[in-house]
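The chain contents come next:
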Amino acid sequence: MTESQGTADKMATEHKRDRRNVLALTGAAALLALAVNLAISVFNSHKKKTKKNKDLPGSNVCVNLSASEIRRLADRIIANSKSVHDRVASVPLDKVTYKNVVSPLAELEARHFPLMQSCLFAKLVSTSDDVRKASAEAERRIDGHVLMCSKREDVYRVIKAIAARGEWMNAEAKHYIQSLVRDFERNGLSITVTKREEMHRLRAQIDELSLQYIKNLNDDSTFLLFSEAELAGLPPDFLKGLDTAENGKFKVILRSNYVAAVLELCQVGTTRKMVAVAYGKRCGEVNVAVLENLVKLRHKYARLLGYSNYADYAVDLRMAKTPSKVFEFLEDISVNLTNLANKELNMMKDLKKKEEGDIPFGIEDLLYYAKRVEEQKFDLDFGALKQYFPVNLVLSGVFKIFQDLFGLRFEEIADAEVWHDDVCVFSVFDLSSGELLGYFYLDLYTREEKYGNTCVVALQNGALSVDGARQVAVALLISQFEKDVGGHPGLLRFSEVVNLFHEFGHVVQHICNRATFARFSGLRVDPDFVEIPAQVLENLCYEGFALKLISGFHQDITKPIKDETCRSLKRWRHSFSALKLKQEILYCLFDQIIHSADNIDVVELFKHLHPKVMLGLPVLEGTNPASCFPRSVIGYEAACYSRIWSEVFAADIFASKFRGDPSNQYVGMQFRNKVLGPGGAKEPVEVLSDFLGREPSIQAFIESKAEYSV
């Protein structure tokens, strides 16, 4: 997958999350009876054909729907939603109450979501081409319906009327109603019809330009030719995977996976520079022009809605709240890393001088010499380390760690209905009360037709019904691990182990949520906050007790990795990362600046920022980083900072609460109840401050980098 394709995938994921929030809203105004009947009729009709499989009590998720069943279910969802909107729109404004508007809204939102997901998740996992096509088509139809519903001014007036009456049952209900109003207004319902029409025209132009930028990158087929000597240091398997020209030279295509390998492993400095320069020149002037036009349109779009610029619009609903807070955060991190980054840079310069003479150190040398220093400093053979992580042993260790820490009990469900023999289903119970909290599906092993990245998909959100009963949560974890190789159990790379910890953290985050409303449940939280819990739990993967539990030599699993290896992994994680992090901050600052001000020359901006942030290292001559930076175009526009944001505050939580005793169940239960429990029902800063006993800070993150510095 290319860099731009990967970003487009992520964009699509983010878009789906936003779209499903809207769909939940559009379906939320249905009569409760319609919601219940729809859920029960679809679920029961599917059960009749699968009597041999065990039911999952409380789950309304339908698996193994045929293509025709998906189409019919999508029809019902859309028809039901339209009926709902018509009914809500007909309520006289002086007759609206919490009971006749908000309660049915919230109840159907909870019941609608798993039916929607029953249509849509098949696209990711089904073994049938027809089913995947039907799922993709259902997604397009539902998206179109949502777009139409988001423009219904009659429904907005009714919800606005209930908000104006101030009839709140509690703080979470108030937050829920306000979020309904906010979503309509961000779709233009509070501005004049003329402005709204202009907003929709701008949105169409923005989408077209965004896709054009990505298409330009994807269509770029540039490659460079190198001899084997010019690619010295790259492994034989990499060279075998390259095409060759008539003259026998190897073709290096300018895609992220090939470029990263060359920049990290190639011993020839001139080759690294040629590849880095060519990679940074992709789409040159054409994409720079697209980006500058795109940013202008985004500013116009935001100003129609009353914001001063696009960054104000994008950050307003995030934990950071304002662009000024983002700038302050990024600059604080960058300044605090400067001394450490200088130390790293000087070490790399010295090493380059020894190996290549007086050739100046450039940004193209960063990955290669960072890896060289790490190789000298750490005795870590990740190829050999892989033999200590059989996938089943890792899973059993992960299960034990999360069960013990959070007071949970996992039970595998035999004969549950699944879409492939490799898929397993587990129920999750509260260990103390025995309450059923939810279920999770594991679809972990490689299949050609399956979605290629590791991720968690929410299938059903936990929520309270009007009668006080809690709906269980259901999640799906997808990956592409090797099940077995040559008759031996599949082995995980250490990076895959870390990724599994992270994603299983999302599973627990989803299932342990106790929000009243499905809209705030599971993973439907502030996008600046959503990664923080999983980042916290990812830290466990570097703790000795956890590494011992999840590791064992594949031929004798009673032999876990050695204590020294555990210590080395922890030091390796944090060492030599300051300069790389400053490079990421550089791109985040660029993204925030162009979306905060008018008429920015994006090429000159990069030339100015690069040496300022990167300790004097200039941008590569002739390159246009703005022409090949898809994160700022689709998916993360004005929000590129968010990954660093979550990592920093996760480090604060882990250092403050878990570091001394990372397996302490008392702390784990506090985290479950105070951080995972509220979900999106509370402001994230309030959630973290309640858990920490103070406001979150960057200090622990900086100290962790310094502690394990080179």
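What counts, and at which threshold
- Residues numbered from 1 in each chain as written.
- Predicted model: local features only at pLDDT ≥ 70, side-chain atom pairs only at ≥ 80, totals over all residues.
- Heavy atoms only, no water.
- Domains from an automatic or database assignment.
- Salt bridge = Lys/Arg side-chain N within 4 Å of Asp/Glu carboxyl O.
- Polar contact = N/O pair within 3.5 Å; in protein donor to acceptor, adjacent residues only side chain to side chain.
- Helix = DSSP H or I, 4+ residues; strand = E, 2+ residues; numbered from the N terminus.
- Buried < 20%, exposed > 50% of the residue type's maximum accessible area, 1.4 Å probe, protein only.
- Contact = heavy atoms within 4.5 Å.
- Phe/Tyr/Trp six-rings, centres within 6.5 Å; stacked < 30°, edge-to-face > 60°.
- Lys NZ or Arg CZ within 6 Å of the ring centre and 35° of its normal.
- Pairing = 2+ DSSP bridges.
- Axes fitted to C-alpha atoms, helices over the stretch in contact; angles between N-to-C directions.

Asks: Tell me about the domain arrangement of the protein, and please be specific about residues and values.
Replies: Its domain assignment divides the protein into domain 1 (67-190) and domain 2 (385-575). One C-alpha centre belongs to domain 1, the other to domain 2, and the line joining them spans 30 Å. Linking domain 1 with domain 2 are two salt bridges. The tally of links from domain 1 across to domain 2 stands at eight residue pairs in polar contact (both at pLDDT 80 or more). For the side of domain 1 that touches domain 2, the secondary-structure elements that each account for two or more residues are α4 (98-120), α5 (122-125) and α8 (171-186). It is α4 that provides the largest number of residues to the side of domain 1 that touches domain 2, a total of 10 residues.

Asks: Break down the side chain of Arg318 for me, with residues and values.
Replies: Relative to the elements of secondary structure, Arg318 occurs in the loop between α14 (310-315) and α15 (323-356). Take Arg318: its relative accessible area is 12%, and that puts it in the buried class. A distance of 3.4 Å separates polar atoms of two side chains, one belonging to Arg318 and the other to Ser642. Sequence-distant contacts of Arg318, defined by excluding residues within four places in its chain, comprise Asp526, Pro527, Asp528, Ala639, Tyr641 and Ser642.

Asks: I'd love a proper account of unusual backbone geometry, names of residues and values included.
Replies: Unusually for a residue other than glycine, Asn64 sits at a positive phi of about 65°. Tracing the chain through its elements places Asn64 in the loop between α2 (32-47) and α3 (67-89). On the basis of relative accessibility, which here comes to 36%, the residue Asn64 falls in the partly exposed class.

Asks: So what about the pattern of salt bridges? Which residues, and what values?
Replies: Here the structure, examined in full by the defined rule, presents 44 salt bridges. Residue Arg493 is joined to Glu496 by a salt bridge in which the shortest nitrogen-to-oxygen separation is 3.4 Å. Taking relative accessible area as the criterion, Arg493 reaches 45% and is therefore assigned partly exposed. The partner of Asp556 in a salt bridge is Lys559, and the shortest N-O contact between them spans 3.9 Å.

Asks: Tell me about the packing of aromatic side chains, and name the residues and values.
Replies: Tallied over the full model, the rule gives 41 aromatic pairs. Here the aromatic rings of Tyr388 and Phe553 are separated by 5.2 Å at their centres, their planes lie at 55°, and the arrangement is tilted. Here Phe553 lies in the loop between α21 (544-550) and α22 (563-574) and Tyr388 lies in the loop between α17 (382-385) and α18 (391-406), a separation of 165 residues in the sequence. For Tyr388, a relative accessible area of 24% gives the class partly exposed. Through successive ring pairs, a cluster of aromatic residues spans Phe399, Phe402, Phe406, Phe410, Phe426, Phe440, Phe501, Phe504, Phe654, Phe658, Phe671 and Phe691. It is Arg186 that lies over the ring of Tyr313; its NZ or CZ is 3.9 Å from the centre.

Asks: Explain the sheet that holds strand β5 (residues 436-445) to me, using residue names and the numbers behind them.
Replies: Reading across the sheet, the five strands line up as β3-β4-β5-β9-β6 and stay open at both edges, with mixed pairing between neighbours. The open sheet has two free edges, formed respectively by β3 (408-412) and β6 (455-460), since each of these has just one partner strand. Pairs of neighbouring strands in the sheet enclose a mean axial angle of 25°, with direction left out of account. Note that strand β4 (residues 424-430) and β5 share six bridges and pair antiparallel. From the neighbouring strand, Ser427 faces β5, where its bridge partner is Tyr439. On the sheet, helix α19 (residues 494-511) packs against β3, β4, β5, β6 and β9 (473-481) and is oriented at approximately 170° with respect to β9.

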